[in-house]
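Listed below, chain by chain, are the residues.
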Amino acid sequence: MEPANWKQIKAALADAMELASEEREEFVSSLDPEIGAQVRRYLRAVTDARDFMNTPALIDRGLVDQHTDHPVQVDDFRILQPIGSGGMGTVYLAEHAGDGFKQLVAIKLIKRGMDTSAVLKRFLMERRILAELDHPNIARMLDGGSTDDGLPYFVMEYVEGDEIRKYANANNLGLEERLELFRTVCSAVSSAHQRLVIHRDIKPTNILVTKDGEPKLLDFGIAKLISRDWNSDEATLTQFRALTPEYASPEQMDGSTVSTATDVYSLGVVLYELLTGCRPFSFREKDGQAVADSALTTEPPRPSVIAARSAQPNNRTKQRLVDKPLFRPARVTVAAIEPSRLRGDLDNIILKAIRHEPERRYQSVQEFSDDIRRWLDGLPVNATSDSRMYRFGKFFKRHRTSVLASGAAAILLITASAVTGWQYSVARDQQAKAEARFQSIRLVARSLLNETSRELENLPQSAEIRDSVVERAIALLNSLSVDENTDPEFLDEVADAYEQLAQIRNWKFRKTSEAIADYRKALALRERVIREAPENFKAREKLSSTLSGLSEVYDLIGDSEETGRLRSRIVENHRSMLLIQPGNPKIIYSLAAGLEDLAVRIEASSPEQAAAYRSESLTILLDALRYLPSGGLSAQDTELYVSIKMLQGFLLDKAGKADEALAIFQEGLETAKSAYLGDESQLFLFNHTARLSRMIADIHISRNDWAKALENYEFSLAWIRDHRGNPKLSPRTLRSGEAIYTVRIGRALHKLGRKKEALTQIAEGLNLHFDYAAAYANDASILIYSPEILSTASSYFAESGNIEPGRAMWQKFAGKVSVFLERNPNDAQMSGLLAFARESEGDLISGYSSQSNQISTHDRAALTAAVRSYTAALEIHQRLSGKHSADAAARLDHKLALCRSFLPASQAAARTIETKKRVWYTVVCRS
Amino acid sequence: MPTEVTLLLNKLNEKGRATDRETLDRLLPLVYNELRRLAGSFLNREHAVSIQTTELVHEAYFRLTDQRSVDWENRGQFFAIAAQAMRRILIDAARARGTHKRDVEKISLDHAPEISAETDASLLQLDAALKELASLDPDQARVVELRYFGGLTIEETGEVLKISPATVKREWSTARAWLYDRING
């Protein structure tokens, strides 16, 4: 039949089929007789074929059951069993059937259904590559051809053996033997490289070792020829076989140019695993991007560290990067290899092979192998000489922005490490070397903790780098076996480091649980020192500082019980210290301050006890003053004197003696001011001058004397502005001070009726504040100190009737707090701040006054808005625990009741609406 | 992340399908493997003796592509490839069973080898007849492949081939007649 003919028949047939059967005959008769005959024939078929192909093709069980989809014979080879299967081909074990001489071979055959042209091309390429390679450690190609169906195949040498990890462990190979075995593998890869072939899939399962101990490299299935004509084929590859992410180089993972350095990387991972039992990175999810990111950003742990860790059977590795040992007893590996032997040169060799950047690895497999040879011969290795600079380089690369701004820090680090090297090399005997190592590590850690960390402290956005600098210092110190050490000075140093880390985590990142853990570690060390020497005064000072840091964290998370317990411990510690050094004014002052703190804590529950604490505090403060030298105070004594005056004035004011308090504050202020002017390095005095001036203003405000308050605020602001030039003053102190005093001046001006000036000042102050907060956007402490300035501004907005800008201000603040809450939704302090923002907004809208405990607005819309804000605040406090939140909840309930009493709608109805809005509100706040 | 099949399908669309043999060649093994795998899991899961290709092909489509980034035209391409792959799978299986027919009969009487053998024979005949039809009328042969091996409906087949459902119906019924006559005539 001709195609043209069929199309004619088909058209007529289709037309005929659409007719009713009685009309068909007439229609067919009208056709060309030849066509008509054909149409009749097919119409008969239509009747017979009613069920033919009526349902789509069926797939029956036979498809699943046929495991015997394997060929029986390929040319002269009898197939015995499949031994491996890749994306496009299957490898069979086979025997040559001729001559009565049975030779076992491996035959790789393309899979059925996979014979598309791209697959065929790839398959033929592997065959071509293998044919070109001739090396005793590469499985040899013996023959090739096509099956009867036309499927290509090739015959390879069959390697009987174990994969390299299993072989090494089963034969309990020692370190040197493993290295020699590995070098033989290198020679095979290197020979392939010389023939311009890159393997690209080197992994333990592709390296078999025969009974005679000969390693054989297998599977060039995705190998690449380094020549132009095959480049186009690149993209095809991954379709046929997924890369093995654990061994694939970063450039393979992100699809960049592959080179011989790619094989260097995979070999490096194989060696890492061969010597430690673990891989440098483990990737459970085989997401290419995650793997590439991980290899890019994390430095693999040093092999010696991993080997030592897996040597301890019950030590579950905490480091998530580290894979579980691959072979059941990783201890087999470790038993054969002493982890400490890997430390240093071998660490460096392996890490050099698996560097992320190809150009920083060994430039050839040969070079890699040669460096191992040098180690085996006891010669200095190339990898060690450049590793130190590289490590610091990589570390700082991760923090590029901060480091650019602090070149000093980088120089410091490098200098410190150079000193380490120098001290190490000049030391003669082992013990001296050990001592030199100890001292130099301490030196590096110390410089990291002191100079570097401090250098970074005043840089915006530097908290993260500080965190890692301090963490690194701690790791260094821990490497000096802290547990066995009893040198109090050394333990102190480690505790200091933990304390510094805790401070960063608490204040900068709001990672409170981590901060607590760090403080607890510091605390344990401090207690250890004191247990050894209870009379150690200095150790007790440090104990107080750690206790107070830790108690602050508990205070932040609202655990008032633990805070109180720790604060009592501080007081007790100070009493002990006074036994060691009676009449030490500094300790007396600290004790007085501790007592005042305890008084605040118990004020509500037992006012008599609080009053007793306060009166003891006031009494001993007079003692402290007596123990201070009269006249000619040293800088430290001046500082103490001013602090005493401040506390004394505060306690007097509390006791209702405002006039006496004013006089005491004034004395403190004068002393602080003139002492600072005499020595501008006394930053504490600078801050106290401004602070005392504010405390004086506070007393004036409580007496409604706004003119005097204004005077003091103006003094404070001028004080800050006049000394901006002092480079030692922290820009943070200056900027926050400037903002707060500007706002306070604004409020005072308004109170004094100078409304226009007031508005200007408030606006300027808030701008200063928010600019400053934006500059330290990642720093939670800015937010913690914000309520003071914002509340002052809010009072102004309330008093001047500018409700809307005030609300906008609180909402902006709430937004900033929410950013931190999103990072850590359990942060009690941030939650508290958010509640504070909501409540303050509510107060502003409702015109709530704490003095009268009443609200001033009766406007329905305003009341509804206030209810919304209060409810949001209440919800937060209900989620939080602790007395503070309980008090706040009660207060908010009261405020809500006040608002509702002016809302005519029935309570129930009002509540429903609020609930709906609350949901909306929460969503908005969180977004 | 768009799947590999999605990327290839979109690439196919960019280049114009007729010329891009290479991309089709890459797609086929992927679809083939997925369909085989799915067939295995379907049959085992449901204790079914047999299933139709229809749900298998649709399931493969949902598994292999990211539907948000595949446009309608590429969906058609997918079904065309899937139908082709399904045909290969079934023919390969039938052929393989043919090769080992004696073994099969000996070993697994309980698997009703007669039915399988009969189906296999007619399937291989159908495949041969369809090849002949393709040489007469390649477009009509594609309709058969999509309908029978891909399990597509009249409408879906029309969408893939960009012809009206009425035309699909005419092509399909006349093709059945031709094939039946060719095999049994």
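Because the structure is a prediction, the values reported are computed rather than measured. (Residues numbered from 1 in each chain as written. Chains lettered and ligands numbered in written order. Predicted model: local features only at pLDDT ≥ 70, side-chain atom pairs only at ≥ 80, totals over all residues.)

A. Quick look at the overall build of chain B. The helix and strand tally for chain B stands at nine helices and one strand. Taken over 185 residues, chain B has a buried fraction of 44%. Long-range pairs, those at least 24 residues apart, make up 68% of the contacts in chain B with a sequence separation of at least 6. (Helix = DSSP H or I, 4+ residues; strand = E, 2+ residues; numbered from the N terminus. Buried ≥ 20, exposed ≤ 12 C-beta atoms within 10 Å, placed from the backbone. Contact = placed C-beta atoms within 7 Å.)

B. Local environment of the overall build of chain A. The secondary structure content of chain A amounts to 40 helices and 12 strands. Across the 927 residues in chain A, those meeting the buried criterion constitute 41%. A sequence separation of at least 24 residues applies to 62% of the contacts in chain A between residues at least 6 apart.

C. Geometry of the packing of helix H7 (residues 175–194) of chain A against helix H16 (residues 365–376) of chain A. Residues and elements named next belong to chain A. At a closest axis distance of 9 Å, the pairing of H7 and H16 adopts a crossing angle of 160°. In terms of orientation, H7 lies roughly antiparallel with respect to H16. Crossing angle aside, the handedness with which H7 passes H16 is left-handed. For the pair H7 and H16, contact is made by Glu176, Leu179, Arg183, Cys186, Ser187, Val189, Ser190 and His193 and by Val365, Gln366, Phe368, Ser369, Ile372, Arg373 and Leu376, respectively. (Axes fitted to C-alpha atoms, helices over the stretch in contact; angles between N-to-C directions. Parallel < 35°, antiparallel > 145°, perpendicular 65-115°, else oblique. Left-handed = near helix turned anticlockwise from the far one by under 90°.)

D. Looking closely at the environment of A:Lys816. Here A:Lys816 is to be found in helix H36 (residues 803–823). When the 20 C-beta atoms within 10 Å are taken as the criterion, A:Lys816 is described as buried.

E. Inspection of helix H33 (residues 755–775) of chain A at higher detail. Residue and element names in this part refer to chain A. End to end, H33 covers 30 Å across 21 residues, agreeing with the expected 30 Å (1.5 Å per residue, within 8%). Along H33, the residues classified as buried are Ala758, Gln761, Ile762, Gly765, Leu766, Leu768, His769, Tyr772 and Ala773. The buried side chains of H33 occupy one side of the element, clustering within an arc of 155° when seen end-on. Exposed side chains of H33 directed beyond 90 degrees from the buried face belong to Lys756, Asn767, Asp771 and Ala774. On its buried side, H33 packs onto helix H32 (731–751), helix H34 (780–784), helix H35 (786–800) and H36. (Expected span 1.5 Å × (residues − 1). Arc of directions from axis to C-beta.)

F. Looking closely at helix H28 (residues 635–654) of chain A. Over its 20 residues, H28(A) runs 29 Å from end to end, which matches the ideal 28 Å to within 8%, given 1.5 Å per residue. With 14 of its 20 residues buried, H28(A) lies for the most part within the structure.

G. Quick peek at the packing of helix H29 (residues 658–678) of chain A against helix H30 (residues 683–702) of chain A. Residues and elements named next belong to chain A. The geometry of H29 relative to H30 is characterised by a closest axis approach of 8 Å and an angle of 155° between their N-to-C directions. Compared by their axis directions, H29 and H30 come out roughly antiparallel. Handedness of the crossing formed by H29 with H30: left-handed. Judged by residue contacts, Ala658, Ala661, Leu662, Phe665, Gln666, Gly668, Leu669, Ala672, Lys673, Ala675 and Tyr676 of H29 engage Leu685, Phe686, His688, Thr689, Leu692, Ser693, Met695, Ile696 and Ile699 from H30. Along the lines of polarity and charge, the residues of the contact of H29 with H30 split into 14 nonpolar, five polar and one charged. (Nonpolar A, V, L, I, M, F, W, Y, C, P; charged D, E, K, R; others polar.)

H. Examining unusual backbone geometry more closely. Positive phi, close to 65°, is recorded for A:Asn704, a residue that is not glycine. Looking at the element boundaries, A:Asn704 is found in the loop between H30 and helix H31 (706–722). The exposure class assigned to A:Asn704 is exposed, which follows from the 8 C-beta atoms found within 10 Å. In the Ramachandran plot, B:Lys162 falls in the positive-phi region, its phi being about 60° despite a non-glycine side chain. Mapped onto the secondary structure, B:Lys162 falls in the loop between helix H8 (154–161) and helix H9 (165–184).

I. Highlighting the nonpolar core. All names here are of chain A. Of all hydrophobic cores here, the largest spans 122 residues; its most connected members are Ala592, Ala793 and Val817. Once residues lying within four places of it in the same chain are set aside, the contact partners of alanine 793 are Val743, Ile762, Leu766 and Met809. Tyr265, Ile349, Val365 and Ala383 belong to the second largest nonpolar core, which has 71 residues in total. (Core = buried A, V, L, I, M, F, W, Y, C linked by C-beta atoms within 7 Å.)

J. Seen up close, the sheet that holds strand S8 (residues 161–163) of chain A. Residues and elements named next belong to chain A. Across the sheet, three strands lie side by side as S8-S10-S11; this open sheet has antiparallel pairing. The sheet is open, and its two borders are formed by S8 and strand S11 (215–217), each paired with just one other strand. Direction aside, neighbouring strands of the sheet carry axes that sit 35° apart on average. For S8 and strand S10 (residues 207–210), the ladder comprises three bridges, and the chain directions are antiparallel. Considered in S10, the bridge of glycine 161 is made with threonine 210. Those strands touched by H7 are S10 and S11, and its axis lies near 30° from that of S11. (Pairing = 2+ DSSP bridges.)

K. Main features of the environment of A:Ile349. The residue A:Ile349 is located in helix H15 (residues 345–353) in this model. Considering only alpha carbons, one finds A:Ile349 and A:Asn382, 33 residues apart in sequence, at a separation of 7.9 Å.

L. Expanded view of the pairing of strand S5 (residues 104–110) of chain A. All names here are of chain A. Counted residue by residue, S5 has five buried out of seven residues, so it is predominantly covered. The sheet contact formed by strand S4 (residues 89–96) and S5 spans seven bridges and is antiparallel. Bridge pairing links glutamate 95 to leucine 104 in S5. When S5 meets strand S7 (residues 152–157), the two strands line up antiparallel, connected through five bridges. Paired with lysine 108 across the two strands is phenylalanine 154, which belongs to S7.

M. Main features of the environment of A:Arg567. Residue and element names in this part refer to chain A. With respect to the secondary-structure elements, arginine 567 resides in helix H25 (residues 560–580). A count of 23 C-beta atoms within 10 Å places arginine 567 in the buried class. Along the backbone, arginine 567 and leucine 598 are 31 residues apart, and their C-alpha atoms lie at a distance of 7.3 Å. Other than its neighbours up to four places away in sequence, arginine 567 contacts Ser551, Gly594, Asp597, Leu598 and Arg601.

N. Focus on the confidence of the model for chain B. Residue and element names in this part refer to chain B. Per-residue confidence for chain B gives a mean pLDDT of 75, with 70% of residues at or over 70. Between the elements of chain B, mean pLDDT differs from a low of 41, seen in helix H5 (residues 101–107), to a high of 92, seen in helix H7 (residues 138–149). Low pLDDT, under 50, characterises residues 101–116; the stretch is placed with 11 contacts to residues that sit more than four places away or in other chains. Taken together, the chains of this predicted complex give a pTM of 0.42 and an interface ipTM of 0.82. (pLDDT = per-residue confidence, 0-100.)

O. Seen up close, the confidence of the model for chain A. All names here are of chain A. For chain A, per-residue confidence averages 79 on the pLDDT scale, and 77% of positions sit at 70 or higher. Within chain A, helix H8 (residues 237–240) has the poorest average pLDDT of any element, 41, and H31 the best, 94. Note that pLDDT drops below 50 for residues 228–242; the model gives that stretch 19 contacts with residues more than four away or on any other chain. Confidence drops under pLDDT 50 across residues 283–289; counting only partners more than four residues distant or on other chains, this segment forms seven contacts.

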